[in-house]
Amino acid sequence: MLILLPPSEGKTPADAGAPVDLGQLHFPGLTGARREVAAALADVSAREDALAHLGVGASLAHDVLRNARLAAEPAAPAHSIYSGVLYDALGYHRMTPAQKRKADAGVVVVSGLWGAVAFADRIPAYRLSMSVGLPGVGKLAGFWKPKLGAALEAHAKGHLLVDCRSSTYAAAWTPAPERTVAVNVFTERDGTRKVVSHFAKHTRGELARHLLTRRGKSPETPEQLARAAGEKWAVELVPGTARKHHTLNIILAG
C-alpha cells in the first residue's frame, strides 16, 4: 500500500540543519526537473511582483523570500515540514517507531516544487502551489505529469494506491486506475450529502493514520481498503472501470 498525499499550504521551517541535497531525495529521475523548477521559483520569488505571480498575500512575503534562497535554507524530513489540518490529523510525531517506519516507506507527497518526495526526505520550507505557472516551466501540473509517470510507476508497481490528493495535485499524475482508490469525504444529514473541504482534509489525515497504525496486514485491494476504513467510518466503495479509478466515500454525520 502507498498513500498519496498533497503538500500542506503552510510549512513549518526547520530551525537548523544542512540544506536540501537533491541527490539524496527519492525518485532520482526527477532531479533535473527539480533543479529547473527550483531555479525558476527562485527567480520569480526575487521579483517585485512575486506575491501576485505566486498567488499569495502580503502576510506570506517572508515565505516567498525563503523561496529565493532555497539552496541555503535548512532542511528537515518532509513529515516535519508539512503541517496543517491533514498532517496534524495524521500525527506522525505521535506514532511508534515501527509505525513511523511504515509511514516513511508508505507515504508519497506530490509537490509542485519537488514533483514527489517520500515522507522522510529532507526538504526546506517553501511556498509554491501546483496551480502556479513559472516562466520557462509553465503550469506545474502539466510540467510534472509526464515526469511523475516515468518516476512513480515503477515505485507504485504491485501496490494499492490510496489517493488522498486534492484535484490540483491529482492532475500531476494519474496512476493505473485498477489499483488506485481516490478518497472522498461527505457529510450526510436527513439523506442529503454535501461535499466538505476542511473536514475532508482532516478525515483524509485520520484515514492515513488509521491505515498506518492499525494492526494486521495493509490493504492490498480496494475491497480490503473499504473494510479497513469501515472499522472507523461509514463508507461505500464505488468500483472503478478500465479507465476510471475506484472511489472510497467516507460519510460523516452532518
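Up top you'll find the structure we're talking about.
Residues numbered from 1 in each chain as written. Predicted model: local features only at pLDDT ≥ 70, side-chain atom pairs only at ≥ 80, totals over all residues. Heavy atoms only, no water.

**Q** Looking at this model, I keep getting lost on the overall build of the chain. Mind explaining?
**A** A tally of helices and strands in the chain yields 10 helices and 12 strands. Relative to a compact globule of 254 residues, whose C-alpha radius of gyration would be 18 Å, the chain shows 18 Å and is just as compact. Along the three orthogonal principal directions, the C-alpha set of the chain runs to about 50 × 35 × 35 Å. Here the chain holds 254 residues, and the buried ones make up 51% of them. By element, 54% of the accessible surface of the chain is carried by carbon and sulfur atoms, the whole surface being about 11800 Å². (Helix = DSSP H or I, 4+ residues; strand = E, 2+ residues; numbered from the N terminus. Rg over C-alpha atoms; globule rule 2.2 N^0.38 Å. Buried < 20%, exposed > 50% of the residue type's maximum accessible area, 1.4 Å probe, protein only. Areas by Shrake-Rupley, 256 points an atom, 1.4 Å probe, with all protein chains shown as cover.)

**Q** I would appreciate a short explanation of the environment of E220 in the present structure.
**A** Note on placement: E220 falls in the loop between α9 (198-213) and α10 (222-229). With a relative accessible area of 51%, E220 lands in the exposed category.

**Q** Help me out: how do you make sense of the packing of helix α6 (residues 97-106) against α9 in this one?
**A** Between two packed helices, both the angle of their axes relative to each other and the distance between the axes serve to describe the pair. In contact at an axis separation of 9 Å, α6 and α9 are set at 115° when each is read in the N-to-C sense. α9 is crossed by α6, and the crossing has right-handed handedness. Where α6 abuts α9, its residues Q99, K102 and A103 lie against L211, L212 and T213. Residues that form the contact of α6 with α9 fall into these classes: 3 nonpolar, 2 polar and 1 charged. (Axes fitted to C-alpha atoms, helices over the stretch in contact; angles between N-to-C directions. Left-handed = near helix turned anticlockwise from the far one by under 90°. Contact = heavy atoms within 4.5 Å. Nonpolar A, V, L, I, M, F, W, Y, C, P; charged D, E, K, R; others polar.)

On their own, these measurements won't tell you what the molecule is for.
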